[in-house]
Amino acid sequence: MTRRYVDRPGEAYHSLTQHSGAFVDINMKVLVPVKRVIDYNVKARVKADQTGVDLANVKMSMNPFDEIAVEEAVRMKEGKEHHAAGTATEIVVVSIGVTQAQETIRTALAMGADRGLLIQSDADLEPLAVAKLLKAVVDEEKPDLVLLGKQSIDGDNNAVGQMLAALLDWPQATFAGKIVIADGKATVTREVDGGLQTLSATLPAVVSVDLRLNTPRYASLPNIMKAKKKEIAVKAVADYGVDTAPRLTVKKVTAPPTRSAGIKVADAAELVSKLKTAGVL
Amino acid sequence: MAVLVIADRDGDTVRDTTHKTVTAALKLSGDVDILVIGQGSKAAADAAAKIAGVRKVLLAESAGLGHQLAEAVAATVTGLAAGYDAILSPATTDGKNFMPRIAAKLDVAPISDIIEVVSNDTFVRPIYAGNALETVQSSDAKKIITVRPTSFDAAAEGGSASVESVAGADAGKAAFVSEEMVKSDRPELGAAKIVVSGGRALGSAEEFHAVMDPLADKLGAAVGASRAAVDAGYAPNDYQVGQTGKVVAPALYIAIGISGAIQHLAGMKDSKVIVAINKDADAPIFQVADYGIVGDYKTVVPELMKALG
Ligand SMILES: Cc1cc2nc3c(=O)[nH]c(=O)nc-3n(C[C@H](O)[C@H](O)[C@H](O)COP(=O)(O)OP(=O)(O)OC[C@H]3O[C@@H](n4cnc5c(N)ncnc54)[C@H](O)[C@@H]3O)c2cc1C
Ligand SMILES: Nc1ncnc2c1ncn2[C@@H]1O[C@H](COP(=O)(O)O)[C@@H](O)[C@H]1O
């Protein structure tokens, strides 16, 4: 990471600092962990033997939050929105998962990431193990920023980013709705209960992204073609020598109690009388 | 066994998410202490001490703890961890932010968003947007858990625990800059008995407020929204109900112009009574609604206001 004085580091930054120029961190290397998960449009179904969710022949996609993280990294590289051009110069995507997770990495490469790394694992690793592997990748790659999703929509853990930050002893900024990079810091506006909180984290940092950060692009055909030539390194979990033994045993996975559809009422008056009878008004 | 509950502080008091987390903690066989964090939190600690069933309240104050930043909270809690077998926090945005950090520092696999305590080491939590429930057993010596508040009743008042001060850590490599909190006289979304939520159908911020606010006021309800309504700027971020927003379980939930996507249902399907107002008779929201009105909200909501008197 190098620093350069620019006159117009972006509107957002102006409103934070009042002065006209700023030191912007440029040439950042950004690491974006992406997970292959059930497509968000698919309703998960529990297996009859209660061992898990049936993923056979189910459409899989990049975790939606991770698409947002990739998009933001690419915007940092392109100098789009409020990011100064060259805020990021290299974007590395990493996925831990089955062989097919290479398709997920390929999607990120088509969006504009530079190269990929697959850490192959047929086991569904827990956030602690994922965070340990990502720490090993960070130790090797030495990024200035790790941008990842706030939550994977399969396990709904909302944990990996915070755990990675802890293992690295880096600051964390979760649930980002806006990120401004300047003066060696990420100034992040977070979506929290009750409203918005802005904090500044000294780089290197881990930032997890929320839904409102951006709208991810669809990769164009030429970029999909270009992505085919980009490099994806493939490694094994064992290459990293970290302890990924599970700490949690899944005893069973069951379907939630179902709600059955009720009745249609003709009008508001009938509704109010039903609600009074039900004792909720 | 000893259990520590990290309080969700609200000025000079603690939110009922704390009481609900205490209920979950009391299901573990052990003594339950509460940790109140933040500069100037003595009054909140005194409030926490009145929760029934609590052994003692720990109060950690330092300038660095003012805004519950994860680095300082984690450093404070890991300093106390030796004395506890389980550490619980409500699954609020603060809890979700600092608990995994604490877990990683302690080399523990965190268990997020539990809805049931089966035993001292086994818990139930929703996965896949609540379309599956996972029962997990932890082999870690310490359990680090966030609790979904809507799944537990609030612990009663009536306790008289002692309050003792403990060391609070200083700020880490992140610093608070500012906050913009949405001010409202209405009940909090997570705790309200009635929630009225608006969706994309409302079409604009003006319309959203013109339709939803008077209805909420008439019912003494909190206002929620779908992601589509929030993304479009009709409602503030923290109104979002769903898988990745707030989870609510009021006695009455009224969805207006919301289609009922999986992600939205994940946040409200545990409500006692669900009402849907939608002009599309085939909208998926009707599959979970106890009472549905097929119609344009522009005519149905004014009629509803009238019928409510
Ligand atoms: C990763 C991820 C996370 C998500 N998290 C959430 C979440 O937490 N919460 C959430 O809500 N969504 C979430 N979503 C989005 C979700 O998939 C849906 O897109 C969203 O819930 C749709 O919002 P809506 O129902 O308001 O809009 P729409 O689906 O567009 O529905 C609008 C409805 O209004 C009805 N309508 C239109 N005009 C009228 C009228 N005049 N009168 C009456 N009815 C009318 C229509 O028939 C339609 O059913 C998430 C999506 C992703 C990918
Ligand atoms: N197996 C994985 N491979 C790569 N990234 C992951 C993996 N699991 C989780 N992540 C990242 O961590 C984020 C949070 O996931 P979680 O803590 O599991 O909800 C995701 O949005 C991803 O960015």
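In the block above lies the structure referred to throughout.
A. Representation of the side chain of R125 of chain B in the model. Along the chain, R125 of chain B falls in strand 9 (residues 122–127). Residues within four places of R125 of chain B in sequence aside, it is in contact with G155, D156 and N157 of chain A together with I111, S112, D113, I114, I115, A132, L133 and E134 of chain B.

B. Local environment of helix 5 (residues 160–168) of chain A. Taken across its nine residues, helix 5 of chain A has eight buried, putting it largely inside the fold. When we look at burial in helix 5 of chain A, the residues that qualify are V160, G161, Q162, M163, L164, A165, A166 and L168 of chain A. Close packing links the buried residues of helix 5 of chain A with helix 4 (127–141), strand 8 (145–149), strand 9 (172–182) and strand 12 (205–209) of chain A together with helix 4 (93–105) of chain B. Once helix 5 of chain A ends, the next one or two residues include D169 of chain A, with phi positive near 60 degrees.

C. Examining the site of ligand 2 more closely. Residues and elements named next belong to chain A. What surrounds ligand 2 is a group of 17 residues, the closest being D66, I96, S152, A159 and V160. In the model, an oxygen atom of ligand 2 is placed 3.0 Å from a nitrogen or oxygen of the N63 side chain. Here A159 contributes a backbone N or O atom positioned 2.7 Å from an oxygen atom of ligand 2. Of all the secondary structure elements, the ones that give two or more residues to the shell around ligand 2 are strand 6 (88–97) and strand 8. Sorting elements by how many residues they give to the shell around ligand 2 places strand 6 first, with three residues.

D. A look at the side chain of E126 of chain A. Along the polypeptide, E126 of chain A turns up in the loop between strand 7 (115–120) and helix 4. R247 of chain A is the oppositely charged side chain nearest to the buried, salt-bridge-free E126 of chain A, at an N-O distance of 5.9 Å. Within polar-contact distance, the side chain of E126 of chain A engages the backbone nitrogen of L248 of chain A at 2.9 Å. Look past the residues within four positions of E126 of chain A in its chain and what remains in contact with it is P246, R247 and L248 of chain A together with A109 of chain B.

E. Broad picture of the nonpolar core. I119 of chain A together with I6, L35 and I87 of chain B are the most contacted members of the largest nonpolar core, which totals 54 residues. Tallying contributions element by element places helix 4 of chain A first for this core, with nine residues. With residues near it in sequence (within four places) discarded, L35 of chain B still touches L4, V5, I6, A7, L58, A60, V77, L80 and V166 of chain B. A108, L118, L147 and V188 of chain A belong to the second-largest nonpolar core, a separate cluster that totals 45 residues.

F. Local environment of the interface of chain B and chain A. Each partner contributes residues to the interface: chain B has 83 residues there, and chain A has 77 residues. Roughly 6,700 Å² of surface becomes buried between chain B and chain A when both sides are summed, with 55% attributable to carbon and sulfur atoms. Contact with chain A buries area across many residues of chain B, yet Y128, K173 and Y291 of chain B alone supply 11% of it, more than any other trio. Across the contact surface, chain B and chain A share seven salt bridges. Where chain B meets chain A, there are 48 residue pairs in polar contact (both at pLDDT 80 or more).

G. Spatial organisation of the site of ligand 1. Around ligand 1, 27 residues are found, and the nearest of them are R200, S226, Q240, V241 and S259 of chain B. Chains contributing residues near ligand 1 are chains A and B. Q240 of chain B has a polar side-chain atom sitting 2.7 Å from an oxygen atom of ligand 1. Within the side chain of Q263 of chain B, a nitrogen or oxygen atom sits 2.8 Å from an oxygen atom of ligand 1. Relative to its unbound accessible surface of 990 Å², ligand 1 loses 86% to contact with the protein. Taken together, the elements giving at least two residues each to the shell around ligand 1 come down to helix 2 (64–78) of chain A together with helix 6 (227–231) and helix 7 (262–265) of chain B.

H. Spatial organisation of the packing of aromatic side chains. Applying the stated rule across the entire model yields zero aromatic pairs over all chains. The lysine or arginine in question, K150 of chain A, covers the ring of F175 of chain A, its NZ or CZ lying 5.6 Å from the ring centre. Seen from the ring of F286 of chain B, K264 of chain A lies directly overhead, with NZ or CZ sitting 4.6 Å from the centre.

I. Quick peek at the sheet that holds strand 9 of chain A. As summarised here, the arrangement of the 10 strands in space is 13(A)-7(A)-6(A)-3(A)-8(A)-12(A)-9(A)-10(A)-11(A)-13(B), forming an open sheet in which the pairing is mixed. Because the sheet does not close on itself, it has two edges, and the strands there are strand 13 (232–236) of chain A together with strand 13 (174–181) of chain B. The average undirected angle you get between the axes of adjacent strands in this sheet is 30 degrees. The pairing of strand 3 (residues 28–33) of chain A with strand 8 of chain A spans two bridges and is classified as parallel. Directly across from V30 of chain A, in strand 8 of chain A, lies its bridge partner L145 of chain A. Sitting on the sheet, helix 3 (residues 101–111) of chain A touches strand 6, strand 7 and strand 13 of chain A, and the angle it makes with strand 7 of chain A is about 165 degrees.

J. Structural view of the sheet that holds strand 15 (residues 263–264) of chain A. Spatial strand order, 15(A)-18(B)-17(B)-16(B)-14(B)-15(B): six strands in an open sheet with parallel pairing. Each edge of the open sheet is held by one strand with a lone partner, namely strand 15 of chain A together with strand 15 (222–225) of chain B. Across the sheet, helix 7 (residues 268–277) of chain A is in contact with strand 15 of chain A together with strand 16 (252–256), strand 17 (273–278) and strand 18 (291–294) of chain B; its angle to strand 18 of chain B comes to roughly 175 degrees. Against the sheet, helix 8 (residues 297–308) of chain B contacts strand 16, strand 17 and strand 18 of chain B, and its axis sits at roughly 135 degrees relative to strand 17 of chain B.

K. Looking closely at the pairing of strand 16 of chain B. Residue and element names in this part refer to chain B. Extensive coverage of strand 16 is indicated by the burial of five of its five residues. Here strand 16 shows no split at all, with L252, I254 and I256 on one side and Y253 and A255 on the other all buried. Both strand 14 (residues 194–198) and strand 16 contribute to a ladder of five bridges, which runs parallel. Paired with V195 across the bridge in strand 16 is Y253. As judged from the five bridges shared by strand 16 and strand 17, these two strands associate in the parallel manner. Of the residues in strand 17, the one forming a bridge with Y253 is I274.

Definitions and limits used
Residues numbered from 1 in each chain as written. Chains lettered and ligands numbered in written order. Predicted model: local features only at pLDDT ≥ 70, side-chain atom pairs only at ≥ 80, totals over all residues. Heavy atoms only, no water. Helix = DSSP H or I, 4+ residues; strand = E, 2+ residues; numbered from the N terminus. Contact = heavy atoms within 4.5 Å. Buried < 20%, exposed > 50% of the residue type's maximum accessible area, 1.4 Å probe, protein only. Near = heavy atom within 4 Å. Polar contact = N/O pair within 3.5 Å; in protein donor to acceptor, adjacent residues only side chain to side chain. Lys, Arg positive; Asp, Glu negative; His and termini not counted. Salt bridge = Lys/Arg side-chain N within 4 Å of Asp/Glu carboxyl O. Core = buried A, V, L, I, M, F, W, Y, C linked by side-chain atoms within 4.5 Å. Buried area = accessible area lost by both parts, 1.4 Å probe. Areas by Shrake-Rupley, 256 points an atom, 1.4 Å probe, with all protein chains shown as cover. Phe/Tyr/Trp six-rings, centres within 6.5 Å; stacked < 30°, edge-to-face > 60°. Lys NZ or Arg CZ within 6 Å of the ring centre and 35° of its normal. Pairing = 2+ DSSP bridges. Axes fitted to C-alpha atoms, helices over the stretch in contact; angles between N-to-C directions.

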